[in-house]
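# Examining the three-dimensional arrangement
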Amino acid sequence: MTDGQILQSLISRDETVTRQFLFKDCRPLFKSIINKVFSYHVDYDEFVNEFYLYLMDDDARRLRQFQGRSSIFQWLKVVAVRYFIAKRDNVIDMTGKKPLPPKEQQMTDLSNARMDMKTLLNLMPNKRYVHIIQSLILEDRDPASVAEELSVTIDNLYNLKKRAVAAMTRIALNEAAYYEKGNRK
């Protein structure tokens, strides 16, 4: 394909040409840019996706600026280097990142977290602290209404909340230490 045909295919969002050109044909060029511009690991697919969005922004305005005075590869090199030098601190670093778990796993994790929270609240001897945590943190209620309900000032409510969270943290740490020792209830 000629540079003009590639350009028109990119502008018209031809998925086959776009994928072949950006992810395969430009791979050596883009890998070189990644190595020269970034001092940390940048995922290749993330780089290409970010750059593609930049090129296609505003009805592919940047792609339409290509005038054919150089090869499309040379033009992309200049555009990519300028863009990523300006943006180098904002590109996602994929080192050590795990992909998001499937939705079923997220739901199981949320369910487990709720059960853990309920267990910790049941272990708290001060039921006033339990009420404060449930009202302010879990239910996100208005502090003024909770303070009125408990017949305390808002300032005092925040002091109680701080103590309640500290008490719950101690219980959580004790429970974690208990289970780490291999004990079961």
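Scroll up to find the structure this text is about.
Keep in mind that what you see is a predicted model, and the values were worked out from it rather than measured. (Residues numbered from 1 in each chain as written. Predicted model: local features only at pLDDT ≥ 70, side-chain atom pairs only at ≥ 80, totals over all residues. Heavy atoms only, no water.)

### A few points about the nonpolar core
Membership of the largest hydrophobic core comes to 31 residues, with the highest contact counts inside it found for Phe-21, Phe-30, Phe-47, Phe-51, Leu-63, Leu-76 and Phe-84. At the level of secondary structure, the elements contributing two or more residues to this core comprise α1 (3–11), α2 (15–25), α3 (27–37), α4 (44–64) and α5 (72–87). Considering each element in turn, this core owes the most residues, eight residues, to α4. If near-sequence neighbours (up to four positions away) are discounted, Phe-51 is found in contact with Phe-30, Leu-76, Val-79, Ala-80, Tyr-83 and Phe-84. Met-124, Val-146, Ala-147 and Leu-157 belong to the second largest nonpolar core, which has 18 residues in total. (Core = buried A, V, L, I, M, F, W, Y, C linked by side-chain atoms within 4.5 Å. Buried < 20%, exposed > 50% of the residue type's maximum accessible area, 1.4 Å probe, protein only. Helix = DSSP H or I, 4+ residues; strand = E, 2+ residues; numbered from the N terminus. Contact = heavy atoms within 4.5 Å.)

### Description of unusual backbone geometry
A positive phi angle, near 55°, is found at Asp-58, a position not held by glycine. Positionally, Asp-58 belongs in helix α4. Positive phi outside glycine occurs at Asp-140, with the angle close to 55°. Inspection of the secondary structure assignment puts Asp-140 in the loop between α7 (127–138) and α8 (143–150).

### Some words on the pattern of salt bridges
Opposite charge on two side chains makes pairing possible when the charged atoms of those side chains draw close. Per the counting criterion, the structure on display carries four salt bridges. Among the ionic pairs, Asp-57 bridges to Arg-62, the shortest N-O distance being 3.8 Å. Residue classification places Asp-57 among the partly exposed positions, given a relative accessible area of 43%. For the salt bridge of Glu-149 with Arg-141, the shortest nitrogen-to-oxygen distance reads 2.7 Å. (Salt bridge = Lys/Arg side-chain N within 4 Å of Asp/Glu carboxyl O.)

### Some remarks on a nonpolar patch on the surface
A cluster of nonpolar side chains, Ile-137, Leu-138 and Val-165, forms an exposed patch at the surface whose accessible area comes to about 230 Å². Relative to the elements of secondary structure, Ile-137 occurs in helix α7. (Patch = residues over 30% accessible without salt bridge, like charges linked within 9 Å, V, L, I, M, F, W, Y side chains within 5 Å. Areas by Shrake-Rupley, 256 points an atom, 1.4 Å probe, with all protein chains shown as cover.)

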